Amino acid sequence: MTAQERKPPAEVRLDKWLWATRFFKTRSLATAAVSGGKVHVNGARVKPAHEVRVGDRLTITRGTDHYEVSVLGVSDRRGPASEAQRLYEETQASRARREHEAAMRKAAALATPTTRGRPDKRTRRLIHRFKEAGDS
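Scoring rules and cut-offs
- Residues numbered from 1 in each chain as written.
- Predicted model: local features only at pLDDT ≥ 70, side-chain atom pairs only at ≥ 80, totals over all residues.
- Heavy atoms only, no water.
- Helix = DSSP H or I, 4+ residues; strand = E, 2+ residues; numbered from the N terminus.
- Buried < 20%, exposed > 50% of the residue type's maximum accessible area, 1.4 Å probe, protein only.
- Lys, Arg positive; Asp, Glu negative; His and termini not counted.
- Salt bridge = Lys/Arg side-chain N within 4 Å of Asp/Glu carboxyl O.
- Polar contact = N/O pair within 3.5 Å; in protein donor to acceptor, adjacent residues only side chain to side chain.
- Contact = heavy atoms within 4.5 Å.
- Pairing = 2+ DSSP bridges.
- Axes fitted to C-alpha atoms, helices over the stretch in contact; angles between N-to-C directions.
- Core = buried A, V, L, I, M, F, W, Y, C linked by side-chain atoms within 4.5 Å.
- Phe/Tyr/Trp six-rings, centres within 6.5 Å; stacked < 30°, edge-to-face > 60°.

Enquirer: Help me understand the side chain of Asp56 in this model?
Expert: As for its placement among the helices and strands, Asp56 is situated in the loop between strand E4 (51–53) and strand E5 (57–62). There is no salt bridge for the buried Asp56, and the closest opposite charge comes from Arg53, which lies 4.8 Å off by N-O distance. At a separation of 3.3 Å, a polar atom in the side chain of Asp56 contacts the side chain of Asn42. In contact with Asp56, other than residues within four places in its own chain, are Val41, Asn42, Glu51, Val69, Ser70 and Val71.

In structure tokens form, the structure reads like this:
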């Protein structure tokens, strides 16, 4: 049977689907995320072996990003990114929230002063004097 004749399954394990859609780099990372409660299917916490079907709604937390996606297709094979993106659709609210949070993180990073490493002895003494003057 060739790859073109291969029929996609009607349902597939959640950890395998997360890996195939490139939300996680490895299946073991996907399994750990599902076991750790970072992935919910239709609002419920599930196990990594839970079967995902077309029409399911997933909430995925990956680092600081939160995704809300609808399953449009299932695949147990990890293919190109363009093929993986056709298997789900992210909600507009989720996309807007992620972009807003990314902009807030970027603004916070710009507000944080950058340093060139540890202060030298003279600078450290000046910092201590400044802090001690503020305590009085």
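Enquirer: Hey, could you run me through the sheet that holds strand E2 (residues 39–41) in this one?
Expert: By way of backbone hydrogen bonds, the strands of a sheet pair with one another, either parallel or antiparallel. Taken in spatial order, the five strands of this open sheet run E3-E2-E5-E6-E7, and their pairing is antiparallel. The two strands at the open ends of the sheet, each matched to only one other strand, are strand E3 (44–45) and strand E7 (88–90). Here E2 pairs with E3 via two bridges, running antiparallel. Residue pairing across strands places Val41 opposite Ala44, the latter belonging to E3. Contacting strand E6 (65–71) and E7, helix H4 (residues 92–111) crosses the sheet at an angle of about 165° to E6.

Enquirer: Could you clarify how one ought to interpret the pattern of salt bridges in this entry?
Expert: It is possible for side chains of opposite charge to pair when their charged atoms get near one another. Evaluated as defined, the whole model comprises seven salt bridges. Between Asp15 and Arg27 there is a salt bridge, with the nearest N and O atoms lying 3.5 Å from each other. Linking Asp15 in helix H1 (residues 14–20) with Arg27 in helix H2 (residues 27–35), this pair joins segments that are twelve residues apart in sequence. A relative accessible area of 2% means that Asp15 is categorised as buried. A relative accessible area of 32% means that Arg27 is categorised as partly exposed. Arg97 serves as the salt-bridge partner of Glu68, at 3.4 Å between the closest nitrogen and oxygen.

Enquirer: Would you take a moment to explain the nonpolar core for this structure?
Expert: Most often, soluble globular proteins have nonpolar side chains that are buried together. Ranked by size, the top nonpolar core spans 21 residues in total, and within it Leu14, Trp17, Leu18, Phe23, Leu58 and Ile60 carry the most contacts. If we ignore the near neighbours within four places in the chain, the residues touching Leu18 are Phe23, Phe24, Ala30, Val34, Val39, Leu58 and Ile60.

Enquirer: How should I be thinking about the packing of aromatic side chains in this particular structure?
Expert: For any pair of aromatic rings, the description consists of the separation of the ring centres together with the inter-plane angle of the planes. Applying the stated criterion across every chain, the model contains four aromatic pairs. A ring pair is formed by Trp17 and Tyr88, whose centres lie 6.3 Å apart and whose planes are at 75°; its orientation type is edge-to-face. Here Trp17 is found in helix H1, whereas its partner Tyr88 is found in strand E7, with 71 residues between them in sequence. Note on Tyr88: relative accessible area 17%, which makes it buried. Consider the rings of Phe23 and Tyr67, whose centres lie 5.3 Å apart with planes at 75°: the pair is edge-to-face. Taken together, the residues Phe23 in the loop between H1 and H2 and Tyr67 in strand E6 connect sequence positions 44 residues apart. Overall, Tyr67 belongs to the buried group, its relative accessible area being 9%. One aromatic cluster is present, built from ring pairs that chain together Trp17, Phe23, Tyr67 and Tyr88.

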